[in-house]
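Architecture at a glance
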Amino acid sequence: QVQLVESGGGLVQPGESLRLSCVGSGFTFSIYRMSWFRQAPGKERELVARITSAGDIYYKESVKGRFTISRDNAKNTVYLQMNSMNTEDTAVYYCYAVDSTFVRTYWGQGTQVTVSS
(Lines give C-alpha, C1' and ligand atoms only; values in the text may rest on other atoms or scores of the structure.)
Protein backbone atom coordinates (compact mmCIF):
# COMPACT_ATOMS: atom_id res chain seq x y z
CA GLN A 1 0.00 0.00 0.00
CA VAL A 2 1.43 3.33 -1.09
CA GLN A 3 1.53 6.10 1.49
CA LEU A 4 2.88 9.62 1.72
CA VAL A 5 2.68 11.01 5.22
CA GLU A 6 3.44 14.67 5.85
CA SER A 7 4.30 16.19 9.20
CA GLY A 8 5.73 19.38 10.63
CA GLY A 9 2.97 21.85 9.93
CA GLY A 10 1.74 24.31 12.50
CA LEU A 11 1.25 27.93 13.48
CA VAL A 12 4.20 30.33 13.30
CA GLN A 13 4.69 34.08 13.34
CA PRO A 14 5.97 36.05 10.35
CA GLY A 15 9.73 35.68 10.02
CA GLU A 16 9.84 32.31 11.72
CA SER A 17 10.70 28.89 10.28
CA LEU A 18 9.17 25.44 9.87
CA ARG A 19 10.42 22.19 8.43
CA LEU A 20 8.00 19.85 6.73
CA SER A 21 8.71 16.16 6.28
CA CYS A 22 7.10 13.61 4.00
CA VAL A 23 7.76 9.91 4.43
CA GLY A 24 6.96 7.60 1.54
CA SER A 25 6.26 3.90 1.65
CA GLY A 26 5.03 1.19 -0.68
CA PHE A 27 7.01 2.39 -3.70
CA THR A 28 10.64 2.83 -4.77
CA PHE A 29 11.10 6.29 -3.30
CA SER A 30 14.58 6.94 -4.72
CA ILE A 31 13.49 6.87 -8.36
CA TYR A 32 10.53 9.19 -7.93
CA ARG A 33 10.40 12.92 -8.48
CA MET A 34 9.21 14.47 -5.22
CA SER A 35 7.40 17.76 -4.91
CA TRP A 36 5.71 20.03 -2.43
CA PHE A 37 2.49 21.75 -3.46
CA ARG A 38 0.33 24.09 -1.44
CA GLN A 39 -3.25 25.28 -1.55
CA ALA A 40 -4.46 28.40 0.17
CA PRO A 41 -8.17 28.98 0.87
CA GLY A 42 -9.99 29.95 -2.30
CA LYS A 43 -6.94 29.40 -4.48
CA GLU A 44 -5.70 26.67 -6.78
CA ARG A 45 -3.10 24.18 -5.70
CA GLU A 46 0.36 25.36 -6.76
CA LEU A 47 3.80 23.84 -7.06
CA VAL A 48 6.19 25.16 -4.43
CA ALA A 49 9.32 23.07 -4.96
CA ARG A 50 10.43 19.94 -6.73
CA ILE A 51 13.43 17.64 -6.53
CA THR A 52 14.12 14.92 -9.08
CA SER A 53 15.71 11.55 -8.49
CA ALA A 54 18.95 13.06 -9.81
CA GLY A 55 18.75 15.95 -7.39
CA ASP A 56 17.68 18.67 -9.81
CA ILE A 57 15.66 21.30 -8.00
CA TYR A 58 12.98 23.81 -8.94
CA TYR A 59 11.41 26.52 -6.77
CA LYS A 60 8.44 28.75 -7.21
CA GLU A 61 9.77 32.27 -7.64
CA SER A 62 8.20 33.65 -4.47
CA VAL A 63 9.94 31.09 -2.24
CA LYS A 64 13.42 31.22 -3.77
CA GLY A 65 16.02 32.05 -1.15
CA ARG A 66 13.62 31.23 1.68
CA PHE A 67 12.63 27.58 1.15
CA THR A 68 14.90 24.59 0.66
CA ILE A 69 13.80 21.20 -0.58
CA SER A 70 15.92 18.13 0.09
CA ARG A 71 15.57 14.38 0.15
CA ASP A 72 17.04 11.47 2.08
CA ASN A 73 16.50 8.34 0.04
CA ALA A 74 17.80 6.13 2.85
CA LYS A 75 14.89 7.39 4.98
CA ASN A 76 12.37 7.62 2.11
CA THR A 77 11.84 11.21 3.15
CA VAL A 78 11.60 14.58 1.43
CA TYR A 79 11.87 17.80 3.41
CA LEU A 80 10.86 21.39 2.94
CA GLN A 81 12.72 23.86 5.10
CA MET A 82 10.79 27.13 5.19
CA ASN A 83 12.52 30.24 6.52
CA SER A 84 11.49 33.89 6.73
CA MET A 85 7.90 32.88 6.40
CA ASN A 86 5.16 35.38 5.67
CA THR A 87 1.38 35.34 5.75
CA GLU A 88 1.22 34.45 2.06
CA ASP A 89 2.81 31.10 2.89
CA THR A 90 -0.35 30.11 4.79
CA ALA A 91 -1.80 27.03 3.10
CA VAL A 92 -2.22 23.30 3.27
CA TYR A 93 1.03 21.78 2.05
CA TYR A 94 0.94 18.51 0.12
CA CYS A 95 3.65 16.04 -0.74
CA TYR A 96 3.53 14.60 -4.27
CA ALA A 97 5.39 11.75 -5.91
CA VAL A 98 5.57 10.92 -9.61
CA ASP A 99 7.59 8.31 -11.43
CA SER A 100 9.73 8.92 -14.52
CA THR A 101 6.91 7.95 -16.87
CA PHE A 102 4.43 10.29 -15.17
CA VAL A 103 2.03 7.38 -14.90
CA ARG A 104 2.22 6.54 -11.22
CA THR A 105 1.43 9.54 -9.03
CA TYR A 106 0.72 9.78 -5.34
CA TRP A 107 -0.45 12.53 -2.98
CA GLY A 108 -0.11 12.92 0.74
CA GLN A 109 -3.00 13.97 2.94
CA GLY A 110 -1.65 17.48 3.53
CA THR A 111 -0.44 19.42 6.54
CA GLN A 112 -1.69 22.84 7.57
CA VAL A 113 0.78 25.71 7.78
CA THR A 114 -0.45 29.00 9.21
CA VAL A 115 1.65 32.15 9.40
CA SER A 116 0.04 34.76 11.60
CA SER A 117 0.95 37.32 14.21
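Residues numbered from 1 in each chain as written. Predicted model: local features only at pLDDT ≥ 70, side-chain atom pairs only at ≥ 80, totals over all residues. Heavy atoms only, no water.

Looking at the nonpolar core
Among the nonpolar cores identified, the biggest contains 29 residues, and Met34, Trp36, Val78, Leu80, Met82 and Tyr93 are the most heavily contacted of them. Breaking this core down by element, the ones donating at least two residues are β3 (18-25), β4 (33-39), β5 (46-51), β7 (67-72), β8 (77-82), β9 (91-98) and β11 (111-115). Sort the elements by how many residues they give to this core and β9 lands first, with four residues. (Core = buried A, V, L, I, M, F, W, Y, C linked by side-chain atoms within 4.5 Å. Buried < 20%, exposed > 50% of the residue type's maximum accessible area, 1.4 Å probe, protein only. Helix = DSSP H or I, 4+ residues; strand = E, 2+ residues; numbered from the N terminus.)

Focus: the environment of Val48
In this fold, Val48 is placed in strand β5. For the pair Val48 and Trp36, spaced 12 residues apart in sequence, the C-alpha to C-alpha distance is 5.5 Å. If we ignore the near neighbours within four places in the chain, the residues touching Val48 are Trp36, Phe37, Arg38, Tyr58, Tyr59, Lys60, Val63, Phe67, Leu80 and Tyr93. (Contact = heavy atoms within 4.5 Å.)

Re the pairing of β7
Alternating positions in β7 separate cleanly, Phe67, Ile69 and Arg71 being buried on one face and Thr68, Ser70 and Asp72 remaining unburied on the opposite face. As judged from the six bridges shared by β7 and β8, these two strands associate in the antiparallel manner. Each residue of the ladder has a partner; that of Thr68, found in β8, is Gln81. Linking β7 to β8, which pair antiparallel, is a turn of four residues; within it Asn76 sits at a positive phi near 55°. (Pairing = 2+ DSSP bridges.)

Notes on the pattern of salt bridges
Oppositely charged side chains can pair when the atoms bearing their charge come close. Counted by the stated rule, this structure contains six salt bridges. As a salt-bridge pair, Asp89 and Arg66 come within 2.8 Å of each other at their nearest N and O atoms. Within this pair, whereas Asp89 is found in the loop between β8 and β9, its partner Arg66 is found in the loop between β6 (57-59) and β7, the two being separated by 23 residues in sequence. Each of the two residues, Asp89 as well as Arg66, counts as buried. In the salt-bridge network here, residues are joined through shared partners; they are Arg38, Glu46, Lys60, Arg66 and Asp89. (Salt bridge = Lys/Arg side-chain N within 4 Å of Asp/Glu carboxyl O.)

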